Amino acid sequence: KQHVLFVCSMLLLTLGCGNKDFGTVAGTVTYEGSTIPVGTKVFFQQPGAGYVAAAKIDETGAFQLSFQGSPKIQVGEYTIFFGPPESNLSQDEFFKLKKQVDAEYRKRGKRPPPSPDWTLPEKYYQPHTTPLKESVVAGPNTIDIQLED
């Protein structure tokens, strides 16, 4: 009987302690001081782990990350990158369009826009080119992201 109580208490203790491995992440994103378009996606990826939490930016520039429907995110180091607002373009089509738009602007002697959605520099759309890194710790995390050219 004592053995069963010991196993049950250890199980409860383990389950309770497991929650320390998770945090929640909310914050805002601005680009050159202004909010970015509603629906822009923000991704937090653990390098090498294949773990990606995501959110959509709301009308105030705010986001609340989730992973598989839960606001709990694994603690650890993350690379942050973005996706354009909802569209029917694949990532390859997105970058093909960017190259076409850039070429058209250059033909006219003008500086091309930063991306096809007219919002962010291209480096922020790829996990391997983004300079953004953040740590998520246990408990609530507020991460405000200020993007620049």
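Up top is the structure.
Calculation rules
Residues numbered from 1 in each chain as written. Predicted model: local features only at pLDDT ≥ 70, side-chain atom pairs only at ≥ 80, totals over all residues. Heavy atoms only, no water. Core = buried A, V, L, I, M, F, W, Y, C linked by side-chain atoms within 4.5 Å. Buried < 20%, exposed > 50% of the residue type's maximum accessible area, 1.4 Å probe, protein only. Helix = DSSP H or I, 4+ residues; strand = E, 2+ residues; numbered from the N terminus. Phe/Tyr/Trp six-rings, centres within 6.5 Å; stacked < 30°, edge-to-face > 60°. Pairing = 2+ DSSP bridges. Axes fitted to C-alpha atoms, helices over the stretch in contact; angles between N-to-C directions.

1. Points about the nonpolar core
Taken as a class, soluble globular proteins show a tendency for nonpolar side chains to be buried jointly.
Part 1 of the reasoning: Among the nonpolar cores identified, the biggest contains 25 residues, and Val42, Phe44, Phe63, Leu65, Phe82, Ile145 and Leu147 are the most heavily contacted of them.
Part 2 of the reasoning: Secondary-structure elements contributing two or more residues to this core are strand S1 (22-31), strand S3 (41-46), strand S4 (51-56), strand S7 (76-83) and strand S10 (145-147).

2. Details of the packing of aromatic side chains
Part 1 of the reasoning: For the coordinates displayed, the defined rule picks out 5 aromatic pairs.
Part 2 of the reasoning: On the numbers, 6.2 Å between centres and 45° between planes, the contact of phenylalanine 44 with phenylalanine 63 is tilted. Residue phenylalanine 44 is located in strand S3, and its partner phenylalanine 63 is located in strand S5 (residues 62-64); the two are separated by 19 residues in the primary sequence.
Part 3 of the reasoning: On the basis of relative accessible area, phenylalanine 63 is assigned to the buried category, the value being 4%.
Part 4 of the reasoning: Members of the aromatic cluster, joined through ring pairs, are Phe44, Tyr51, Phe63, Phe67 and Tyr78.

3. Considering the sheet that holds S3
Each strand in a sheet pairs with another by means of backbone hydrogen bonds, the pair being arranged parallel or else antiparallel.
Part 1 of the reasoning: Strand order in this open sheet of 4 strands is S4-S3-S7-S8, and the pairing throughout is antiparallel. Pairing within the sheet leaves two strands with one partner each, and these edge strands are S4 and strand S8 (133-136). Within this sheet the neighbouring strands show an average axis-to-axis angle of 35°, counted without direction.
Part 2 of the reasoning: Where S3 and S7 come together, 5 bridges link them in antiparallel fashion.

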